[in-house]
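Coordinate inspection notes
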Amino acid sequence: MNYQDIIFLDFETTGVNPHRCQPTQFAAVAINGRKLEIHEDSLFESLIQPVWDEDECLKLGLDPVTDEVL
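The notes below deal with the structure included here.

The rules behind these values
Residues numbered from 1 in each chain as written. Predicted model: local features only at pLDDT ≥ 70, side-chain atom pairs only at ≥ 80, totals over all residues. Heavy atoms only, no water. Helix = DSSP H or I, 4+ residues; strand = E, 2+ residues; numbered from the N terminus. Rg over C-alpha atoms; globule rule 2.2 N^0.38 Å. Buried < 20%, exposed > 50% of the residue type's maximum accessible area, 1.4 Å probe, protein only. Contact = heavy atoms within 4.5 Å. Areas by Shrake-Rupley, 256 points an atom, 1.4 Å probe, with all protein chains shown as cover. Salt bridge = Lys/Arg side-chain N within 4 Å of Asp/Glu carboxyl O.

**Observations regarding the overall build of the protein chain**
When helices and strands are counted, the protein chain shows one helix and three strands. Starting at the N terminus, the α and β elements of the protein chain follow one another as β-β-β-α. The C-alpha atoms of the protein chain give 17 Å as radius of gyration, which overshoots the globular expectation for 70 residues (11 Å, by more than 25%). Of all 70 residues assigned to the protein chain, the portion counted as buried reaches 23%. Long-range contacts, defined here as pairs at least 24 residues apart, represent 31% of the contacts in the protein chain between residues at least 6 apart. Put simply, the protein chain shows about 5,700 Å² of open surface, and 53% of that area lies on carbon and sulfur atoms.

Quick look at the structure:
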């Protein structure tokens, strides 16, 4: 059996359309493949500032950020 480490990724966006939504967060964590425990100091998180202005979003071909997303 292969007991290599596993890295889980999480990517949050402002919607469901991958062509028009904006990224808002990227996170990752490394797991020991044998013990299935989180590696110490392996948590990573980065917040990403979306474009808030509706007119600017439309010019860029993006869906505006809605209250539902917030």
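**Let's talk about the pattern of salt bridges**
Pairs can form between side chains of opposite charge once their charged atoms are near each other. Within the structure shown, the criterion is met by two salt bridges. Across the pair D63 and R20 runs a salt bridge, and its minimum N-O distance is 2.7 Å. Pair noted here: D63 is in the segment after α1 (54–60) and R20 is in the loop between β1 (6–13) and β2 (23–31), with a separation of 43 residues, a long-range link. For the salt bridge of K59 with E56, the shortest nitrogen-to-oxygen distance reads 3.5 Å. Within this pair, K59 and its partner E56 are both found in helix α1, separated by three residues, close to a single helical turn. Given a relative accessible area of 66%, K59 falls into the exposed group. Of the residues examined, E56 reaches a relative accessible area of 31% and is grouped as partly exposed.

**Some points on unusual backbone geometry**
We note that L36 has phi near 55°; this positive angle belongs to a residue other than glycine. For D41, which is not glycine, the phi torsion reads 65° and is therefore positive. Mapped onto the fold, D41 is located in the loop between β2 and β3 (44–47). With relative accessibility at 74%, the residue D41 sits in the exposed group.

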